[in-house]
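# Observations on the model geometry
So the chains spell out like this:
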There are 2 protein chains.
Amino acid sequence: MQTLNVALGERAYPIHIGRGLFGRADLILPHLKTQRVAIVTNTVVGPLYLERLRAGLEAAGVRTVAVVLPDGEAHKDWETLNRIFDMLLAERCERSTTLVALGGGVVGDMGGFAAACYQRGMPFIQVPTTLLSQVDSSVGGKTAINHPLGKNMIGAFYQPRLVLADIDTLDTLPDRELSAGLAEVIKYGLIRDPEFLAWLEANLDRLVARDTDALAWAIERSCRNKAEVVAADETEQGERALLNLGHTFGHAIETGLGYGEWLHGEAVAAGTMMAAELSRRLGWIDTAAVARIEALFERARLPVWGPRMGVERYVELMSHDKKVEAGKLRLVLLRALGRAVMHGEAPAGEIAAAIEARCR
Amino acid sequence: MQTLNVALGERAYPIHIGRGLFGRADLILPHLKTQRVAIVTNTVVGPLYLERLRAGLEAAGVRTVAVVLPDGEAHKDWETLNRIFDMLLAERCERSTTLVALGGGVVGDMGGFAAACYQRGMPFIQVPTTLLSQVDSSVGGKTAINHPLGKNMIGAFYQPRLVLADIDTLDTLPDRELSAGLAEVIKYGLIRDPEFLAWLEANLDRLVARDTDALAWAIERSCRNKAEVVAADETEQGERALLNLGHTFGHAIETGLGYGEWLHGEAVAAGTMMAAELSRRLGWIDTAAVARIEALFERARLPVWGPRMGVERYVELMSHDKKVEAGKLRLVLLRALGRAVMHGEAPAGEIAAAIEARCR
């Protein structure tokens, strides 16, 4: 087991990464406030892991209750969030009860937001079960639900007390979900870790083949990058926004097609190609660099072209982005492979041309 | 104009109290992040004050948008909250736009919670227009909506950047609302400020008669008490809970009768009488003290008896209280007039008897 620390002062917390962590209630117990836990999971993950997690906790004297939500981004809405509140109130959960999110990014985002809001804040633990949530969404305290007009528009910064990333859960992860997670792994290489990018170019096929050692290493390196960025800029006043490479384009794809059509990681891959194309048009990276990024995503079996929704629709959806400031769209672009920057001066014509060029 | 400070380190903020503050955009401008403001108000307050507030801001070069919500506690729910999000997104408000809540406690609670959640947090200003919100709910950063099973169950601690309490707004406040505000004013005297309690016993009739100087003094003294408590215990780990004297009983009344039947302050007055009666049964205060409290509330034209809902229903509703810990109900009681304590050991029989004795 590897342990990383997210250095956030009095809100600091550990990330444990390894095999067979689920049954180990001893890793969870030190982070509970009382011997009560409310578990939030979904219809896909629940049948696989809920009983194992509960059994370990109950054996250690912890009373548990659980709610099983419908699966998928299409359910990351108020209605589903309210099912968590209904359960917490019906079961008389207290503000000292700990909420444990057991699942992928959607479960973690909703469980975390519920924990942030229930009685104005209850303790929270992330148990991510997808590659995407293990390398990205479970770390750093971003929680949210979607609004019909924009993804992740309603939420909170709310840090967990512990992240427990059990690599065993990847054994049951569908190929498509594994690929989606690789989009965020590749992201870290592109935005700030050229050495990791080189390692990925050499080892991507091992990740796709689910080589345990390679996965463990990629998760650890990704979490290390994430933890560093979050510790430096918890509420996204600056550097943290760079983690959103490809996300402004990607969110437009997710919202435009309807939540759940494309997986988040798939939209991020196609969106990153748009950001790369725009960076090329600005003269920052060359055609060969764009091709290298494209090749990596293709080896990860990710889409490298966005859906044809019309450039105007893309731009309209992107105008709701959280990074818009004084009416100006700010985009994360690539100054070089391994170095992302925030840029608010890209001409509208170039943005449109980059989108157009990367739709098919 | 009087100015108090809520000492919360980097989240510190001023409370301005006085007449004619509305038109003074100069008081608001220093607290904006950008020249954009989204105003949340309701159908009662909007027609009276919205245009004056907007005109001042627009004249100072600030772009404003507004949403007018239905009035009353019955609308402090997700559906109404979502109308704020719809407006913010439709108007393309950014996370640097400042949300201004113009209204009473319900508008402030919902506006504040919307500001806490929109894009994970936008700047927020309180412009309270009722006595209750000026002396209590606008200060301290508690925001929330109600759930059918419990009042204020879903919310956030989210501090405003400024509280602007314009006493002129009390001129249009209905008598019933003025009385409801006095319940929270009297509360400060009862829980921690015996000198203020004595002043209230001498001057309550001036407050009911809307004597300007008396109101200004009572608001200032109340805000000073609130600011001290909040600065010492922002997230209610200890002392802050004492501000909830009468509220556990009162929330049961509000939830049990249906939100909006009784005003919050009315329920707090009747609830405080239950807390006083229980304190008497525990031997902490005598019959004469209970009578003094009752006399104060009666002079303020507040109810001193709870509605007959059945003791079991009260206890059931109170079991959802946020102060419940390890299944145990913790109540704010009076050790003496002017000194409240948190107590988790009151026998169930005595709690029931106190409720029974104060229902009519």
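Because the structure is a prediction, the values reported are computed rather than measured.

## What to know about the environment of Tyr13 of chain A
All names here are of chain A. Position of Tyr13 among the secondary structure elements: in strand β2 (residues 13–18). Taking relative accessible area as the criterion, Tyr13 reaches 1% and is therefore assigned buried. Each C-alpha atom of the pair Tyr13 and Gly140 lies 9.8 Å from the other, and the pair is 127 residues apart in sequence. For Tyr13, the residues in contact, after removing those within four places along its chain, are Leu4, Asn5, Val6, Leu8, Val139, Gly140, Gly141, Gln159, Pro160, Arg161, Leu162 and Val163.

## Points about helix α11 (residues 287–299) of chain A
All names here are of chain A. For α11, which comprises 13 residues, the first-to-last C-alpha distance of 18 Å matches the rise-based estimate of 18 Å (1.5 Å per residue) to within 8%. Inspection of α11 places Ala289, Val290, Ile293, Glu294, Leu296 and Phe297 among the buried residues, and these make up the whole buried set. All buried residues of α11 fall inside an arc of 160° around its axis, so they share one side. Of the surrounding elements, those touching the buried residues of α11 are α6 (175–192), α7 (194–208), α10 (264–281) and β10 (331–336). Note on α11: the residue one or two positions beyond its end, Arg301, has a positive phi of about 60°.

## Remarks on the pairing of strand β5 (residues 98–103) of chain B
Residues and elements named next belong to chain B. Across the six residues of β5, six count as buried, placing the element largely inside the fold. Residues Thr98, Val100 and Leu102 point to one face of β5 and Leu99, Ala101 and Gly103 to the other, with burial holding for every one of them. Across four bridges, the pairing between strand β3 (residues 36–42) and β5 is parallel. For Ile39, the partnering residue across the bridge sits in β5 and is Val100. Inspection of the sheet shows β5 paired to strand β6 (residues 124–128) by five bridges, in the parallel sense. Its bridge partner being in β6, Val100 is matched across the sheet by Ile125. Handedness of the crossover joining β5 and β6 through helix α4 (residues 105–117) is recorded here as right-handed.

## Looking at the UniProt feature "domain: 3-dehydroquinate synthase C-terminal" (unreviewed entry) in chain A
Per the UniProt record, "domain: 3-dehydroquinate synthase C-terminal" (unreviewed entry) is found at residues 181–324 of chain A. Taken end to end, residues 181–324 of chain A has its terminal C-alpha atoms 26 Å apart, with 68% of it in helix and 0% in strand.

## Here we look at the domain arrangement of chain A
Residue and element names in this part refer to chain A. Considered domain by domain, chain A is made up of domain 1 (2–172) and domain 2 (175–357). Across the boundary between the two partners, domain 1 contributes 36 residues, which contact 37 residues of domain 2. In this assembly, domain 1 packs against domain 2 so that about 3,100 Å² is buried in total across both faces, 64% of it on carbon and sulfur atoms. Sorting the residues of domain 1 by area buried against domain 2 places Leu131, Val135 and Lys151 first, and these three jointly supply 20% of that buried surface. The interface formed by domain 1 and domain 2 contains five salt bridges. Salt-bridge contacts for Asp136 lead to Lys187; the nearest nitrogen and oxygen are separated by 3.4 Å. On the surface where domain 1 and domain 2 come into contact, there are 16 residue pairs in polar contact (both at pLDDT 80 or more). With six residues, helix α5 (residues 131–137) is the single largest residue contributor to the side of domain 1 that touches domain 2.

## A word on the packing of aromatic side chains
All told, the structure shown has nine aromatic pairs over all chains when counted by the stated rule. Centroid distance Trp199 of chain A to Trp217 of chain A: 6.2 Å. Interplanar angle 70°. Geometry classified as edge-to-face. With Trp199 of chain A in helix α7 and Trp217 of chain A in helix α8 (residues 212–232), the pair connects residues that are 18 residues apart, well separated along the chain. Cluster of aromatic residues (ring-pair linked, three or more members): Trp78 and Phe85 of chain A together with Trp78 and Phe85 of chain B. Positioned above the aromatic ring of Trp305 of chain B is the side chain of Arg358 of chain B, whose terminal nitrogen or guanidinium carbon lies 4.0 Å from the ring centre.

## Concerning the packing of helix α9 (residues 247–257) of chain A against α10 of chain A
Residue and element names in this part refer to chain A. Across the interface, α9 lies against α10 with an axial gap of 7 Å and an inter-helix angle of 130°. Considered as vectors, α9 and α10 are oriented oblique to each other. In this structure, the crossing between α9 and α10 has a hand that is right-handed. Of the residues in α10, those touching α9 at His247, Phe249, Gly250, His251, Ile253 and Glu254 are His264, Ala267, Val268, Ala270, Gly271, Met274, Ala275 and Leu278. Here the residues of the contact of α9 with α10 are counted per class, giving eight nonpolar, five polar and one charged.

## A word on the sheet that holds β2 of chain A
Sheets are built from strands paired through backbone hydrogen bonds, the pairs being either parallel or antiparallel. All names here are of chain A. Read from one edge to the other, the open sheet built from seven strands follows the order β1-β2-β9-β6-β5-β3-β4, with strand pairing classed as mixed. The sheet is open, and its two edges are formed by β1 (2–6) and β4 (63–69), each paired on a single side. If you compare each strand with its neighbour and ignore which way they point, the axes differ by 15° on average. In this fold helix α4 (residues 105–117) packs onto β3 (36–42), β4, β5 (98–103) and β6 (124–128), with an angle of close to 170° to the strand it touches most, β5. Sitting on the sheet, α8 is in contact with β1 and β2, with an inclination near 15° to β1.

The rules we used
- Residues numbered from 1 in each chain as written.
- Chains lettered and ligands numbered in written order.
- Predicted model: local features only at pLDDT ≥ 70, side-chain atom pairs only at ≥ 80, totals over all residues.
- Heavy atoms only, no water.
- Helix = DSSP H or I, 4+ residues; strand = E, 2+ residues; numbered from the N terminus.
- Buried < 20%, exposed > 50% of the residue type's maximum accessible area, 1.4 Å probe, protein only.
- Contact = heavy atoms within 4.5 Å.
- Expected span 1.5 Å × (residues − 1).
- Arc of directions from axis to C-beta.
- Pairing = 2+ DSSP bridges.
- Right-handed = clockwise from strand over helix to strand, strands pointing away.
- UniProt positions renumbered as here; feature names shortened; annotations may be inferred.
- Domains from an automatic or database assignment.
- Buried area = accessible area lost by both parts, 1.4 Å probe.
- Salt bridge = Lys/Arg side-chain N within 4 Å of Asp/Glu carboxyl O.
- Polar contact = N/O pair within 3.5 Å; in protein donor to acceptor, adjacent residues only side chain to side chain.
- Phe/Tyr/Trp six-rings, centres within 6.5 Å; stacked < 30°, edge-to-face > 60°.
- Lys NZ or Arg CZ within 6 Å of the ring centre and 35° of its normal.
- Axes fitted to C-alpha atoms, helices over the stretch in contact; angles between N-to-C directions.
- Parallel < 35°, antiparallel > 145°, perpendicular 65-115°, else oblique.
- Left-handed = near helix turned anticlockwise from the far one by under 90°.
- Nonpolar A, V, L, I, M, F, W, Y, C, P; charged D, E, K, R; others polar.

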